[in-house]
Amino acid sequence: MDLTFPSHLSAERRDLLIDVADRAERTHGDAFLGLVLSGSAGRGLATERSDVDVDVILASVPERVATAKSSALDEATTSLDELEELPTFGSDGWWYRWSYAWAPVLLDRSGGAVTEAVRCQASVTPEEADSILIEHDRLDGWLNYAYRSRKSDRDGRALESRLDAVESLPWLLDTIFSIAGRVRPYHKYLPWELREHPVEGWPADVLLPLLTRTADGDPAALRETFTLVASACDEHDAARGHTLTTDTIRGWGDELELFRG
């Protein structure tokens, strides 16, 4: 069978994946629908110590499925129905969704269903974005930690300011990527994704230094970040035809002067 490999994949890893596909074909026949490469190998970041993370997609998964796991290979078996399910934010399966972001589909014998399901796993719909930002309080949570950090800095509490600034970062990243319609990447892949797949309004050479400065306790970083977040929320609300995120920001009233001063 013909597999579509990314150009960065080594010959040794290609042979390993061909073996996986051949074994899946022999074992499952027509129920074998696709092969999805994930992890560092799928994104061109593998080292000599990296294993190959691959999902074998079946029409349905038998009760007992023989898979392979070794220092070289981490093989998972998933049904197409499971792949098409989208765990909601905060659920046990939410963080696994990013594993499909930018993951090459090596084989799709489902008429495109596997490829589309992989795309949806790594995407955030506008409705999901509103839920993450507002119902799950990720925007307000970032404002809360950033505000606490600014207060402590104002009052001369350097350690307390830095701790709250660091605590704010996951909330900030959820906000940024949700507005962009994407699942937030694992930290390991954040610099790579920002450089290879830029987020509009947050270029890597802007966001990465802001994150570093925030973690290092630079109070000016939060002020600069606030300006960018407010602008992104304005654009998001305009595109959505509501004022949910801008209302959240305005709800902080005069407290926002700490971000402007």
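A brief structural summary. (Residues numbered from 1 in each chain as written. Predicted model: local features only at pLDDT ≥ 70, side-chain atom pairs only at ≥ 80, totals over all residues. Heavy atoms only, no water.)

**A short note on the layout of surface pockets**
Phase 1 of the analysis: Reported here for the largest pocket is a volume of approximately 240 Å³.
Phase 2 of the analysis: Mapped onto the lining of the largest pocket, the elements with two or more residues apiece are α7 (158-179) and α10 (219-240).
Phase 3 of the analysis: The greatest single-element share of the lining of the largest pocket, amounting to 5 residues, is contributed by α10.
Phase 4 of the analysis: Partitioned by chemical class, the residues of the lining of the largest pocket number 7 nonpolar, 3 polar and 2 charged. (1 Å grid on protein atoms, 1.4 Å probe; cavity = no way out; pocket = protein on both sides within 12 Å on 5 of 7 lines; lining within 4 Å. Points joined across faces, edges and corners; volume = space filled by probe spheres on them. Helix = DSSP H or I, 4+ residues; strand = E, 2+ residues; numbered from the N terminus. Nonpolar A, V, L, I, M, F, W, Y, C, P; charged D, E, K, R; others polar.)

**Focus on the pairing of strand β2 (residues 52-58)**
Phase 1 of the analysis: Taking burial as the measure, the 7 residues of β2 include 6 buried ones, the bulk of the element.
Phase 2 of the analysis: Across 6 bridges, strand β1 (residues 32-38) lies against β2 in antiparallel orientation. Bridge assignment links valine 36 to a residue of β2, and that residue is aspartate 55.
Phase 3 of the analysis: Both β2 and strand β3 (residues 73-79) contribute to a ladder of 7 bridges, which runs parallel. For valine 52, the partnering residue across the bridge sits in β3 and is leucine 73. (Buried < 20%, exposed > 50% of the residue type's maximum accessible area, 1.4 Å probe, protein only. Pairing = 2+ DSSP bridges.)

**Some points on the packing of α7 against α10**
Phase 1 of the analysis: Contact geometry for α7 and α10: axes closest at 11 Å, N-to-C directions at 25°. Classified by the interaxial angle, the pair formed by α7 and α10 is roughly parallel. Every pair of crossing elements has a handedness; the one defined by α7 and α10 is left-handed. Contacts from Ala165, Ser168, Leu172 and Ile179 of α7 reach α10 at Leu222, Thr225, Val229, Ala232, Cys233 and His236.
Phase 2 of the analysis: Split into classes, the residues belonging to the contact of α7 with α10 amount to 7 nonpolar, 3 polar and no charged. (Axes fitted to C-alpha atoms, helices over the stretch in contact; angles between N-to-C directions. Parallel < 35°, antiparallel > 145°, perpendicular 65-115°, else oblique. Left-handed = near helix turned anticlockwise from the far one by under 90°. Contact = heavy atoms within 4.5 Å.)

**A closer look at the packing of aromatic side chains**
Phase 1 of the analysis: Applying the stated criterion across every chain, the model contains 9 aromatic pairs.
Phase 2 of the analysis: Ring geometry for tryptophan 98 against tyrosine 186: centres 5.0 Å apart, planes inclined by 65°, an arrangement best described as edge-to-face. Of the two residues, tryptophan 98 sits in the loop between α3 (80-84) and β4 (105-108) while tyrosine 186 sits in the loop between α7 and α8 (190-196), which places them 88 residues apart along the sequence.
Phase 3 of the analysis: Look at tryptophan 98 and you get buried, because its relative accessible area is 0%.
Phase 4 of the analysis: The exposure class assigned to tyrosine 186 is partly exposed, which follows from its relative accessible area of 27%. (Phe/Tyr/Trp six-rings, centres within 6.5 Å; stacked < 30°, edge-to-face > 60°.)

**Re a negative patch on the surface**
Phase 1 of the analysis: A contiguous patch of negative charge on the surface is contributed by Asp81, Glu82, Glu84 and Glu85.
Phase 2 of the analysis: Tracing the sequence through the fold places glutamate 84 in helix α3. (Patch = residues over 30% accessible without salt bridge, like charges linked within 9 Å, V, L, I, M, F, W, Y side chains within 5 Å. Areas by Shrake-Rupley, 256 points an atom, 1.4 Å probe, with all protein chains shown as cover. Salt bridge = Lys/Arg side-chain N within 4 Å of Asp/Glu carboxyl O. Lys, Arg positive; Asp, Glu negative; His and termini not counted. Charge placed at Lys NZ, Arg CZ, Asp CG, Glu CD.)

**Some points on the environment of alanine 24**
Phase 1 of the analysis: Along the chain, alanine 24 falls in helix α1 (residues 11-28).
Phase 2 of the analysis: Sequence-distant contacts of alanine 24, that is, excluding residues within four places in its chain, are made with Gly29, Phe32 and Val56.

**As for the side chain of histidine 236**
Phase 1 of the analysis: For histidine 236, the position within the fold is in helix α10.
Phase 2 of the analysis: Separated by 2.8 Å, the side chains of histidine 236 and aspartate 130 make a polar contact.
Phase 3 of the analysis: Apart from the residues within four sequence positions on either side, histidine 236 is in contact with Ala129, Asp130, Leu133, Ile179, His242 and Thr245. (Polar contact = N/O pair within 3.5 Å; in protein donor to acceptor, adjacent residues only side chain to side chain.)

**Description of the environment of glutamate 160**
Phase 1 of the analysis: With respect to the helices and strands, the residue glutamate 160 is situated in helix α7.
Phase 2 of the analysis: By relative accessible area, glutamate 160 is classed as partly exposed at 38%.
Phase 3 of the analysis: The spacing of glutamate 160 and aspartate 137 is 23 residues in sequence and 22 Å in space, taken between C-alpha atoms.

**Brief notes about α7**
Phase 1 of the analysis: Spanning 22 residues, α7 covers 31 Å between terminal C-alpha atoms, matching the ideal 32 Å at 1.5 Å per step.
Phase 2 of the analysis: By the largest-angle criterion, leucine 169 marks the main kink of α7, which is about 30°, and a proline, proline 170, follows within four residues.
Phase 3 of the analysis: One or two positions beyond α7, positive phi appears at glycine 181, with a value near 80°. (Expected span 1.5 Å × (residues − 1). Bend = angle between axes of the 7 residues up to and from the residue.)

**Details of the pattern of salt bridges**
Phase 1 of the analysis: Taken as a whole, this structure holds 17 salt bridges when the rule is applied.
Phase 2 of the analysis: Across the salt bridge formed by arginine 138 and aspartate 174, the nearest N and O atoms sit 2.8 Å from each other. On the criterion of sequence distance, the pair formed by arginine 138 in helix α6 (residues 138-154) and aspartate 174 in helix α7 is long-range, its members being 36 residues apart.
Phase 3 of the analysis: With relative accessibility at 13%, the residue arginine 138 sits in the buried group.
Phase 4 of the analysis: The residue aspartate 174 makes a salt bridge to arginine 184 at a minimum N-O spacing of 3.0 Å. Here aspartate 174 is found in helix α7, whereas its partner arginine 184 is found in the loop between α7 and α8, with 10 residues between them in sequence. Both residues of the pair, aspartate 174 and arginine 184, belong to the buried class.

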